[in-house]
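In case you want the letters, here they are:
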Amino acid sequence: MLRKISHIGIAVKSLDMSIPFYRDVLGMEFEGTEVVAEQKVKVAFLVVGESRIELLEATTDDSPVAKFLEKNGEGVHHIAYEVADLSAELARLKADGVRLIDEAPRGGAHGAQIAFLHPKATGGVLTELCQAGH
């Protein structure tokens, strides 16, 4: 069961060029950056209300974010929903016939467990489910 919108992921060419807009112009609270080696990205989180904006910068030319930027340019990459039990939610979705990118949780930023649903199953929106890290 979904608990809330965790964050909206936005692919950017440069965190250094993008952070000032969200932090200084829009006034979001900047939480810092983190490299997520498994995902081949460097991320920056900015807080807005109970949700976050996650800026994503590719760390390699073959990362999924680099491929997204090449195809689409900068913009919304994914929407992430928080769940209490990611493994159980993935099992439920798989049993319901939902096409998954990840059939098991994997590591994400801030020690979270994450998994993606295939955009062909979600009306074209790359959807991430995440369970907060401990």
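Quantities reported herein were computed from a predicted structural model and do not represent experimental measurements.

Novice: Sorry if this is basic, but what is going on with the environment of Leu100 here?
Specialist: For Leu100, the location among the structural elements is in the loop between α3 (86–95) and β6 (106–107). Residue Leu100 is classed as buried on the basis of its relative accessible area, which comes to 14%. The sequence separation of Leu100 and Pro119 amounts to 19 residues, and the corresponding C-alpha distance is 8.8 Å. Discounting chain neighbours no more than four positions away, the residues touching Leu100 are Leu90, Leu93, Lys94, Phe116, Leu117 and His118.

Novice: Honestly, the packing of aromatic side chains in this entry has me stumped. Any pointers?
Specialist: Describing an aromatic ring pair means giving the distance of the ring centres and the angle of the ring planes. This structure, assessed with the given rule, holds one aromatic pair. Arranged with centres 5.3 Å apart and planes meeting at 85 degrees, the rings of Phe21 and Tyr22 form a pair that is edge-to-face. According to the relative accessible area criterion, Tyr22 is buried, its value standing at 14%. The ring of Phe45 is capped by Arg52, whose NZ or CZ atom sits 5.7 Å from the centre of that ring.

Novice: Please explain the pattern of salt bridges as it appears in this structure.
Specialist: If charged atoms from side chains of opposite charge come close, those side chains can pair. If you walk through the whole model with that rule in mind, you get eight salt bridges. The partner of Arg52 in a salt bridge is Glu31, with the nearest N and O atoms 2.7 Å apart. A residue pair is termed long-range when its members are at least 10 positions apart, and Arg52 in strand β4 (residues 51–58) and Glu31 in strand β2 (residues 29–36) qualify at 21 residues. Residue classification places Glu31 among the partly exposed residues on the basis of a relative accessible area of 35%. Bridged by salt links that share partners, the residues Glu89, Arg92 and Asp96 form one connected network.

Novice: Mind showing me how you'd approach helix α2 (residues 64–72) here?
Specialist: Of all the positions in α2, only Val65, Ala66, Phe68 and Leu69 are classed as buried. Angularly, the buried residues of α2 cover 160 degrees about the axis, an arc narrow enough to put them on a single face. Across α2 from its buried face, at more than 90 degrees, point the exposed residues Pro64, Lys67, Glu70 and Lys71. On its buried face, α2 is in contact with β1 (2–11), β3 (41–48), β4 and β5 (75–83).

Novice: I keep staring at the environment of Arg3 and nothing clicks. Help me out?
Specialist: Here Arg3 is to be found in strand β1. In this structure, the C-alpha to C-alpha distance between Arg3 and Lys42, residues 39 residues apart in sequence, is 26 Å. Those residues in contact with Arg3, other than ones at most four positions away along the chain, are Glu82, Val83 and Ala84.

About the criteria used
- Residues numbered from 1 in each chain as written.
- Predicted model: local features only at pLDDT ≥ 70, side-chain atom pairs only at ≥ 80, totals over all residues.
- Heavy atoms only, no water.
- Helix = DSSP H or I, 4+ residues; strand = E, 2+ residues; numbered from the N terminus.
- Buried < 20%, exposed > 50% of the residue type's maximum accessible area, 1.4 Å probe, protein only.
- Contact = heavy atoms within 4.5 Å.
- Phe/Tyr/Trp six-rings, centres within 6.5 Å; stacked < 30°, edge-to-face > 60°.
- Lys NZ or Arg CZ within 6 Å of the ring centre and 35° of its normal.
- Salt bridge = Lys/Arg side-chain N within 4 Å of Asp/Glu carboxyl O.
- Arc of directions from axis to C-beta.

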